[in-house]
Amino acid sequence: MSVIDERGKSVITESEVRGAAVGDTLRIDEQALITPLAEDILRERGITVDRARRRTASRRKKVAIGADHGGFEMKEELKRVLADLGHDYQDFGAHSTEAVDYPDYAHIVARAVGRGSCDLGIMIDGAGIGSCMVANKVPGVRAAMCYDEASARNSREHNGANVLTLGGKMIPPDRMREIVRTWLATELTEDRHRRRVAKIDAIEREYHN
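1. Things to note about the overall build of the protein
Regarding its fold elements, the protein presents eight helices and ten strands. Against the globule reference of 17 Å for 209 residues, the protein gives a C-alpha radius of gyration of 19 Å, in line with a compact fold. The proportion of buried residues among the 209 residues of the protein is 44%. A fraction of 60% describes how many contacts in the protein between residues 6 or more apart in sequence connect residues 24 or more apart.

2. What about the packing of aromatic side chains?
For any pair of aromatic rings, geometry is given as the distance between the ring centres together with the angle between the planes. This model, assessed by the stated rule, comprises zero aromatic pairs. A cation over a ring is seen here: arginine 156 above tryptophan 183, with NZ or CZ 5.2 Å from the ring centre.

3. As for the sheet that holds strand β5 (residues 48-52)
Read across the open sheet, the three strands follow the order β1-β3-β5; overall the sheet is parallel. Single-partner strands in this sheet number two, and they are β1 (3-5) and β5. The average angle at which neighbouring strand axes cross in this sheet is 25°, direction not considered. Pairing between β1 and strand β3 (residues 25-29): three bridges, direction parallel. Of the residues in β3, the one forming a bridge with isoleucine 4 is leucine 26.

4. Regarding helix α2 (residues 36-45)
What α2 keeps buried is the set Ala38, Ile41 and Leu42. End-on view of α2: buried residues confined to an arc of 100°, all on one side of the axis. In α2, those exposed residues whose orientation departs by more than 90 degrees from the buried face are Pro36, Arg43 and Glu44. In this structure, the buried side of α2 is in contact with β2 (11-12), α1 (14-17), β3, β4 (33-34) and β5. Of the residues flanking the end of α2, it is glycine 46, one or two places downstream, whose phi is positive at about 65°.

5. Section: the pattern of salt bridges
Evaluation of the coordinates by the stated rule reveals 14 salt bridges. Between arginine 43 and aspartate 40 there is a salt bridge, and its shortest N-O distance comes to 3.0 Å. Of the two residues, arginine 43 and aspartate 40 are both situated in helix α2; the distance of three residues between them amounts to about one turn of the helix. Note on aspartate 40: relative accessible area 33%, which makes it partly exposed. For lysine 61, the salt bridge identified is with glutamate 187, shortest N-O distance 3.3 Å. Of this pair, lysine 61 sits in the loop between β5 and β6 (62-67) while glutamate 187 sits in the loop between α7 (173-185) and α8 (191-208), and the two are 126 residues apart along the sequence. Among the ionic contacts, a cluster of salt bridges with common partners joins Lys75, Glu76, Lys79 and Asp91.

6. Topic: the sheet that holds β6
Paired through backbone hydrogen bonds, the strands of a sheet run either parallel or antiparallel to each other. Across the sheet, five strands lie side by side as β7-β6-β8-β10-β9; this open sheet has parallel pairing. One side of each edge strand has no neighbouring strand; the edge strands of this open sheet are β7 (88-91) and β9 (143-145). Sheet twist, expressed as the mean angle between neighbouring strand axes with direction ignored, is 25°. Pairing analysis gives four bridges linking β6 to β7, with the strands arranged parallel. By the bridge assignment for β7, lysine 62 is matched with aspartate 88. Across the sheet, helix α3 (residues 72-85) touches β6, β7 and β8 (120-125), and the angle it forms with β6 is around 165°.

7. What about the side chain of histidine 193?
Mapped onto the elements of the fold, histidine 193 is located in helix α8. Of the residues examined, histidine 193 reaches a relative accessible area of 1% and is grouped as buried.

8. A closer look at the packing of α3 against α7
Packed helices, taken two at a time, are described by the angle their axes make and the gap between the axes. Between α3 and α7, whose axes approach to 10 Å, the crossing angle comes to 45°. As far as their axial angle goes, α7 and α3 are oblique. Judged by the sense of rotation from one axis to the other, the crossing of α3 with α7 is right-handed. On the side of α3, the interface is formed by Met74, Glu77, Leu78, Val81, Leu82 and Leu85, while α7 contributes Pro173, Met176, Arg177, Val180, Arg181 and Leu184.

Rules behind the numbers
Residues numbered from 1 in each chain as written. Predicted model: local features only at pLDDT ≥ 70, side-chain atom pairs only at ≥ 80, totals over all residues. Heavy atoms only, no water. Helix = DSSP H or I, 4+ residues; strand = E, 2+ residues; numbered from the N terminus. Rg over C-alpha atoms; globule rule 2.2 N^0.38 Å. Buried < 20%, exposed > 50% of the residue type's maximum accessible area, 1.4 Å probe, protein only. Contact = heavy atoms within 4.5 Å. Phe/Tyr/Trp six-rings, centres within 6.5 Å; stacked < 30°, edge-to-face > 60°. Lys NZ or Arg CZ within 6 Å of the ring centre and 35° of its normal. Pairing = 2+ DSSP bridges. Axes fitted to C-alpha atoms, helices over the stretch in contact; angles between N-to-C directions. Arc of directions from axis to C-beta. Salt bridge = Lys/Arg side-chain N within 4 Å of Asp/Glu carboxyl O. Parallel < 35°, antiparallel > 145°, perpendicular 65-115°, else oblique. Left-handed = near helix turned anticlockwise from the far one by under 90°.

This is how it looks when you write it as structure tokens:
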């Protein structure tokens, strides 16, 4: 018997439960909907549904998320992390491991943050470097590639990063979870850091006006 973790999905269809065996447990968000066909499969196989209550974040954020093919699997795990932490997200793709170009998705994520439709963004590609370069071309975006908790905390507390890029092929899932938790929990609060970030924004305006 095993636990199938599908937290982070608002609708559970037959595709999520088809691989479940008799006696397994399906873990889903408290408010997730289960389609009738999926319910039939669950009932026939005696699968237990565990509805996990979502945490309430201190300040609930809407996070734009995206990935290329190299980051797709980690993006799916990221959805569960965000759901656990009580944040909302908008998934801009990609939606499979079929090869795509990371600039397309990094641009969409960064644009959502730059235009204010999302509070923050997280983009995952193979190394995290290329997506960081792309995101930083979008006005209003301060993207940081982070590889551990210390760099995640620094990027927010000192640099006011509003887009996080991660290397799906460079870091294990457990480290991704810690990076994301730290990054989302840290804020730019001190005046000395705000003053320096204001200089970053002033430099950007110099070249975009």
